[in-house]
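# Coordinate analysis (summary)
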Amino acid sequence: MLSADFVIATAVGYVGLLFVLAFFGDRRARANKKSFLHSPAVYTLSISVYCTSWTFYGAVGNAAHSGLEFLTIYLGPTLVFVGWWFLLRRLVRISHNQRITSLADLLSSRFGKSNRLAVLVTCIAVIGIAPYIALQLKAVTSSIQAVAGSSEFGQGSLAGIDDVGLAFGIAAAMALFTILFGTRHVDAKEQHHGVVAAIAFEAVVKLGALLAVGIFVVYAGGGLEPIFRRAAELGVKAPTENTFNDRWLTTLVLSVAAIVCLPRQFQVTVVENSDESHLRVAGWAFPAYMLLMSLFILPIAVFGLSVMPAGSNPDMFALTLPMFYGQSPLALLAFIGGFSSATSMIILESIALSIMVSNHIVMPLVLRFSSSQPSADGQGVSRLLLVARRFSIILILSLGFFYFFFTRDSNALAPIGLISFTAIAQFFPAVLAALFWRDASLKGATSAIAAGFVIWVWCSFLPSFESVSPQVAMLVQHGPWGIAWLRPEALFGLDRLDPLSHAAFWSLTINVLTLTVVSLLTRQSALERIQSTLFVDVFRHGSTPQGNFVRGSATANDLFFVAERVLGDRRAAALFESAARESGVDPDRLEPSSEFIGRLERELAGSIGAASAHVMLSKVVTGSDVSLEEVMQMADETQQVIEYSQQLEKTSAELRSTARKLEDANTQLRELDSQKDEFLSQVSHEVRTPMTSIRSFSEILLDPQGIDDTQRQHFVSTIHQESLRLTRLLDEILDLSALERGERSWDNVPVDAEAALDRALRVCDALLRQRNMQVELGERASATMVEGDADRLCQVFINLVSNAVKYNDSSKPVLRVTSMVRSGSFSVEIADNGPGIPKSERTLIFEKFSRGKQGASDQSGAGLGLAISRQIIARMNGTLELVPGPLSGACFRVRLPVVR
Amino acid sequence: MAIDILIAEDEPSILESLDFILRRAGWTISAVTDGDAVLDAVRRLRPRLVVLDVMLPKRSGFDVLKQIRANLELQAMPVLILTAKGQQADRRTAEELGANGFVTKPYANADVVGAVRALLGDDGGTA
């Protein structure tokens, strides 16, 4: 049996050791950036501040009651750390970029640097953590009582001091210790290397102690299997049967939220993180640590249940079992382990909360009510901060103590911790939205957190006073004014869930709904949009954007924002980039020097006048009470002018485009004009040739000397023929011109295409015979009806056949005609064994006035035949093409759709 | 066998009229109907003058004129250009290529005879 004095002396001595550790750890870490204190191992160990006396004592009690349920508290953090890549990495990167000092700072920064939100978060955190601190006080109190042997069962007194007095003493000692520890100086990054070193040491101590107790239990019980067998024999309710019920899910969700949102976890995981890569190690090492911590929990619980007298507090098994077996040193070690867990939690939690209180509540108040600007005297500010923090620590521990005081009759440790978890979990939806949802708005986050908090107070915080206040008990039983559906543990008639799941379900559901709906309904301010981009796209830009939270000096970000509004994006970016180049830093890391601000002011003055530029910049630079929004408003007026000039620019761009279109149209007209010239010149050529003959022979006949009658007859007949040729030419030109305009001098009616082909061959018979042309008739279709005009179709066939004859210079001229019906179209191919059409002319031959250059023995045509034929076939919805033929010469194919 | 005039013209009726009026004026005539045949006929027949149509099949009159002027033997040969496209552009081209005379279709018979007479410097076979 250990004396109370000895136990307390040991505890004080242990705290003294911690203090020495913290002191030298701090020095060492400052002196040497590469010290092992910056190692991932120390980082991971400090994260294990998650395992408090709740783990050390409460998990055993929980295991005794509910079996493996205690594991869920560690499963959530395991998931978060194993998946560090998704959430923690982003959180750490953003917090480093933005110099985030706490969870309240994170949310406030993301949602438009709103101080109101920071105050809300801070208040909720302080209130929500109170039960958690009370839990630690209770655990330490109980453990001192247990180990000092004054009373094991129920309440008792310690040398005349009751547990309240003891708890008060512990709270006061803790407050003193934390103040000595954590508020020795103010660090810009709010990092506490000494404290972290002490926490890491404590992590080793508590793990060692719990493992030692576990090994002892296994040894005393003769091995794991006998422990469980004996428990079963004794009829101890074996808590190993576990059900995955709603509590499982609830505690899992709450623990996921807690590992991120608990102020102390945010402090060690995010703020104290000195190197992002440490997360990689912590990602497996922290889950491993928790696994070791929980390894012997179940054996200790089962063994305790089977050997300890009935009515023993299972929460204290880790302590009372060694004492039961008379192992005082081990009991003392266990006590130190539990004490370690409690102190590390209290110290870090109150440091983290005090930072929030001083930064987000005290400082803004001081700045508001002190008429003078925060002076250049930085000492004054940091002294003020330290004082504020010290009072915050006292306040936080007092709240914890009062909660302990009012709820001291409740027995188990675990439920108290979960009340805090539920409160802290209200931040989680907003944190997730801050990191991943671009459209989440300040109003959404604020109302969501507030709504969740109200539900928590009603459903979780209030009922925890049930055992000490009859009014609260009444309320829980019957609801306010007897309204049953407002009962705190059966809200809206939902009474199937246990109180914890019930509170978590309603608070988180309403929280998430509010966040989503309000965010969708509200607009983000300019600053919110900027911050949301910086948060959500933190990995997109690669390098770290600027972010300087020191008051009284502008960040490059803020300056850029103003400059961009006035100068436009491109000019502002160019200005900042050149400044960054001159000072040799990355544009993102540009620290605005006074020269740079001067230059910026001159640039702004060029746009908005010197006075406005000065007012605008000095407001941003000195960070006085004028909000950024007001400055933006000034900038917006300038923006309107810029927009007006942009409109002008747009109008002149339209004019330019119109001018370009006109130019195009003109070019087209010119082209048409030159085509017309070309046509006229062709026509004049075609007309002049017969005209020349007619004129010349007429003159010959006018001077009839030396002309006999035969000659006269011949000349007159030539004149006649040339006149006919002229007439024909004019007809053809008019015909083609009409066809080209899309006109048609006939109606398309069903005609027999085969008959038209036969008729054409008959007409050409004389010509063919005259040239001794052999006609091969290939495959022929039967009578086929097509839409068209029989005479015009015949004209086309005649043109094709006569071309084949005219241009054929072979000694054995052959003409081959085939026709067929294939897939609904009738086609005729007219081929010859003439010289064919050279590649260079193949596209030209269908043009007006284009005549084959080769071997035309008869050049009487005007070169309009094929052009006209093609137009005629086109007006009958068919095609006339030059295709590779069966003979050596050209082959023309006419294709027409068959009428059904 | 030397002749007076070689006519290069593809339109049969125009060729007939030229042949008639120039013969009647007393010159001896020979004719070709495409551009490729001109040079060969000039070498073979040794005419004193070539009447050259611009729009000839196979090889244009301008091409033929260029060939004649490029040939040392033939470059002094007087050439009278005939064209239906009585445009300024064609006339300039003909002058640049070294044509000695230029007659536009439809022509007056007297103009053709006059131009030939001017180039040959005589009154034809009858003179």
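Residue numbers restart at each chain and count upward from 1, following the sequence in its written direction. Starting at A for chains and at 1 for ligands, labels are handed out in the order in which the entities are written. For this predicted model, a pLDDT threshold of at least 70 governs which residues receive local features, and a threshold of 80 or more governs which side-chain atom pairs are given and counted, while totals over whole chains, interfaces and linings are taken from all residues. The side-chain quantities take in all heavy atoms of the structure and omit both hydrogens and water.

Let us now look at the overall build of chain B. Only DSSP runs of H or I with at least four residues qualify as helices, and only runs of E with at least two residues qualify as strands; both kinds are numbered from the N terminus onward. Broken down by element type, chain B carries 5 helices and 5 strands. For chain B, the succession of helices and strands along the chain, N to C, is β-α-β-α-β-α-β-α-β-α. Think of it in three bands: with a 1.4 Å probe and only protein chains considered, a residue is buried below 20% of the maximum accessible area for its type, exposed above 50%, and partly exposed in between. Within chain B, the proportion of its 127 residues that are buried is 56%. Every residue pair with non-hydrogen atoms within 4.5 Å of one another is taken to be in contact. A separation threshold of at least 6 residues defines the contact pool for chain B, and within that pool the share at least 24 residues apart is 63%. As displayed, chain B offers around 5400 Å² of accessible surface, 48% of which is attributable to carbon and sulfur atoms. Computed by Shrake-Rupley with a 1.4 Å probe, the accessible areas treat only the displayed protein chains as cover when residues are assessed.

Residue and element names in this part refer to chain B. A pair of strands is treated as paired once DSSP finds two or more bridges between them. Taking strand neighbours across the sheet as the criterion, the 5 strands line up as E2-E1-E3-E4-E5 in an open arrangement whose pairing is parallel. Each edge of the sheet is formed by a strand with only one pairing partner; in this case those strands are strand E2 (29–32) and strand E5 (101–104). Adjacent strand axes in the sheet meet at a mean angle of 20° when their direction is disregarded. Pairing of strand E1 (residues 5–8) with strand E3 (residues 49–53), which is carried by 4 bridges, proceeds in the parallel orientation. Looking at E3, one finds that Leu6 is bridged to Val50. Angles shown run from 0 to 180 degrees and are taken between the N-to-C directions of axes, each axis being a line fitted to C-alpha atoms and, for helices, limited to the stretch in contact.

Residues and elements named next belong to chain A. Buried residues of nine kinds, namely Ala, Val, Leu, Ile, Met, Phe, Trp, Tyr and Cys, make up a nonpolar core once their side-chain atoms join them within 4.5 Å. Counting 167 residues, the largest nonpolar core has Phe335 and Phe421 as its most contacted members. Not counting residues within four places of it along the chain, the set of residues in contact with Phe421 comprises Tyr50, Trp54, Ile73, Tyr132, Leu254, Ser255, Ala258 and Leu262. One finds Val683, Leu736, Trp746 and Val894 within the second-largest nonpolar core, a separate group that totals 46 residues.

So, on to a nonpolar patch on the surface. There is a patch of nonpolar side chains on the surface, built from Val20, Phe23 and Phe24 of chain A and spanning about 270 Å² of accessible area. By the element assignment, Phe24 of chain A lies in helix H1 (residues 4–31). Each patch is built from residues that are more than 30% exposed by relative accessible area and take part in no salt bridge. Like charges join if they lie within 9 Å; nonpolar side chains (Val, Leu, Ile, Met, Phe, Trp, Tyr) join within 5 Å. Salt bridge criterion: a side-chain nitrogen from Lys or Arg within 4 Å of a carboxyl oxygen from Asp or Glu.

Attention now goes to the sheet that holds strand E7 (residues 825–832) of chain A. Backbone hydrogen bonds hold the strands of a sheet together, and the pairing may be parallel or antiparallel. All names here are of chain A. Read from one edge of the open sheet, 5 strands run E4-E6-E7-E9-E8, paired in mixed fashion. Single-partner strands in this sheet number two, and they are strand E4 (774–777) and strand E8 (879–882). Strand-to-strand, the axes of this sheet are offset by a mean angle of 15°, without reference to chain direction. Summarising the sheet, E7 and strand E9 (residues 891–897) pair through 7 bridges and their orientation is antiparallel. For Val828, the partnering residue across the bridge sits in E9 and is Val894. Together, E4, strand E6 (814–822) and E7 form the strand contacts of helix H30 (residues 753–763), whose direction differs from that of E6 by roughly 175°.

Quick look at helix H3 (residues 53–66) of chain A now. Residues and elements named next belong to chain A. For a helix, the expected span equals 1.5 Å multiplied by the residue count minus one. Across its 14 residues, H3 extends 18 Å between first and last C-alpha, which sits within 8% of the 20 Å expected from 1.5 Å per residue. The angle between axes fitted to the seven-residue stretch ending at a residue and the seven-residue stretch beginning at it gives the bend at that residue. In the structure, H3 departs most strongly from a straight axis at Ala59, where the bend amounts to approximately 35°. Within H3, 12 of the 14 residues are buried, leaving the element largely enclosed by the surrounding structure. Residues of H3 that are buried: Ser53, Trp54, Thr55, Phe56, Tyr57, Gly58, Ala59, Val60, Gly61, Asn62, Ala63 and Ala64.

Turning next to the packing of helix H7 (residues 115–148) of chain A against helix H15 (residues 317–324) of chain A. All names here are of chain A. In the contact formed by H7 and H15, the axes pass within 10 Å of each other and the chain directions differ by 5°. In this view, H7 runs roughly parallel relative to H15, as classed from their interaxial angle. Where H7 abuts H15, its residues Ser143, Ala146 and Val147 lie against Leu319, Thr320 and Met323. Polar here means any residue other than Ala, Val, Leu, Ile, Met, Phe, Trp, Tyr, Cys and Pro, which are nonpolar, and Asp, Glu, Lys and Arg, which are charged; Gly is therefore polar. Of the residues belonging to the contact of H7 with H15, the class tally is 4 nonpolar, 2 polar and no charged. Throughout, the term roughly parallel applies to angles under 35 degrees, roughly antiparallel to angles over 145, roughly perpendicular to angles from 65 to 115, and oblique to all others.

Take the side chain of Arg389 of chain A next. With respect to the helices, strands and loops of the structure, Arg389 of chain A is situated in helix H17 (residues 378–407). Looking at Arg389 of chain A, its side chain comes within polar contact range of the side chain of Ser358 of chain A, at 3.0 Å. In protein, a polar contact requires one atom able to donate a hydrogen and another able to accept it; more generally it is a pair of N or O atoms within 3.5 Å, and residues adjacent in sequence count only if both atoms are side-chain atoms.

Each side of the interface is counted separately: chain B has 21 residues, and chain A has 23 residues. By convention, the term buried area covers the 1.4 Å-probe accessible surface removed from two parts as they join, with the contributions of both added. Of the roughly 2000 Å² buried at the junction of chain B and chain A (both faces included), carbon and sulfur atoms supply 54%. Considering only the surface of chain B that becomes buried against chain A, Phe20, Arg24 and Pro106 of chain B emerge as the three largest contributors, covering 26% of it. Taken together, chain B and chain A are joined by 2 salt bridges. A salt bridge links Glu11 of chain B to Arg725 of chain A, with the shortest nitrogen-to-oxygen separation between them at 2.9 Å. Summed over the shared surface of chain B and chain A, the result is 11 residue pairs in polar contact (both at pLDDT 80 or more). The element best represented in the side of chain B that touches chain A is helix H1 (residues 12–24) of chain B, accounting for 7 residues.

With that settled, consider the environment of Val205 of chain A. Residues and elements named next belong to chain A. Relative to the assigned elements, Val205 resides in helix H9 (residues 193–220). Note on Val205: relative accessible area 16%, which makes it buried. Each C-alpha atom of the pair Val205 and Gly338 lies 9.1 Å from the other, and the pair is 133 residues apart in sequence. Beyond its immediate chain neighbours, meaning those up to four positions away, Val205 contacts Tyr14, Ile336, Gly337 and Ser340.

The next point concerns unusual backbone geometry. That bond from Lys105 of chain B to Pro106 of chain B is cis: its omega, -10°, falls within 30 degrees of zero. Inspection of the secondary structure assignment puts Pro106 of chain B in the loop between E5 and helix H5 (109–120). Its identity is not glycine, yet Asn877 of chain A carries a phi of approximately 65°, on the positive side. Here Asn877 of chain A lies in the loop between helix H33 (865–875) and E8. Judged by its relative accessible area of 57%, Asn877 of chain A is exposed. Non-glycine residue Lys58 of chain B carries a positive phi angle of around 70°.

Here we take up the side chain of Asn799 of chain A. Residues and elements named next belong to chain A. With respect to the helices, strands and loops of the structure, Asn799 is situated in helix H32 (residues 790–806). By relative accessible area, Asn799 is classed as buried at 15%. Within the structure, the side chain of Asn799 is placed 3.0 Å from the side chain of Ser869, a separation counted as a polar contact.

The next thing to look at is the environment of Glu73 of chain B. Residue and element names in this part refer to chain B. With respect to the helices and strands, the residue Glu73 is situated in the loop between helix H3 (61–70) and strand E4 (79–83). Taking relative accessible area as the criterion, Glu73 reaches 54% and is therefore assigned exposed. Sequence spacing of Glu73 and Arg43 is 30 residues, and the spatial spacing of their C-alpha atoms is 9.0 Å. Here Arg46 takes part through its side chain, which lies 2.8 Å from a polar atom of the side chain of Glu73.

A word on the packing of aromatic side chains. Each pair of aromatic rings is reported with the distance of its centres and the angle of its planes. Residue and element names in this part refer to chain A. Two rings belonging to Phe, Tyr or Trp (six-membered ring only in the last case) form a pair when the distance between their centres is within 6.5 Å. Interplanar angles under 30 degrees mark stacking, angles over 60 mark edge-to-face geometry, and anything in between is tilted. Under the criterion given, the structure shown has 28 aromatic pairs over all chains. Measuring from centroid to centroid gives 5.2 Å for Phe168 and Phe401, while their planes differ by 70°, and the two rings are edge-to-face. A residue pair is termed long-range when its members are at least 10 positions apart, and Phe168 in helix H8 (residues 163–182) and Phe401 in helix H17 qualify at 233 residues. Aromatic pair Phe303 and Tyr325: ring centres 6.0 Å apart, planes at 15°, arrangement stacked. Residue Phe303 is located in helix H14 (residues 297–307), and its partner Tyr325 is located in the loop between H15 and helix H16 (328–369); the two are separated by 22 residues in the primary sequence. Residue classification places Phe303 among the buried positions, given a relative accessible area of 1%. Residue classification places Tyr325 among the partly exposed residues on the basis of a relative accessible area of 33%. Note on geometry: a ring has a charge over it if NZ (lysine) or CZ (arginine) is within 6 Å of the ring centre and within 35 degrees of the ring normal. Note that Arg89 overlies the ring of Trp85, its terminal NZ or CZ placed 3.6 Å from the centroid.

Another point: the confidence of the model for chain A. All names here are of chain A. The quantity known as pLDDT measures the predictor's confidence residue by residue, on a range of 0 to 100. With 85% of its residues at a pLDDT of 70 or more, chain A has an overall mean of 79. For chain A, the element scoring lowest by mean pLDDT is strand E1 (residues 157–158), at 44; E9 scores highest, at 91. Taken as a whole, residues 150–159 scores under 50 in pLDDT and shows 20 contacts with residues more than four places along the chain or in a different chain. In the model, residues 371–379 has pLDDT below 50 throughout and makes 3 contacts with residues more than four positions away in sequence or in other chains.

Evaluated as defined, the whole model comprises 23 salt bridges over all chains. Among the ionic pairs, Lys105 of chain B bridges to Asp53 of chain B, the shortest N-O distance being 3.1 Å. You can see Lys105 of chain B sitting in the loop between E5 and H5 and its partner Asp53 of chain B sitting in strand E3, a full 52 residues away along the chain. The pair formed by Lys105 of chain B and Asp53 of chain B is uniform in burial state, with each residue classed as buried. Within the structure, one salt-bridge network assembled from shared partners comprises Glu722 and Arg725 of chain A together with Glu11 of chain B.

What follows deals with the state of the cysteines. Cysteine sulfur pairs qualify as disulfides if the two atoms are within 2.5 Å. Counted according to the given criterion, the structure contains 0 disulfides over all chains. Between Cys794 of chain A, a free cysteine, and Cys764 of chain A, which holds the nearest cysteine sulfur, the sulfur-to-sulfur gap is 7.9 Å.

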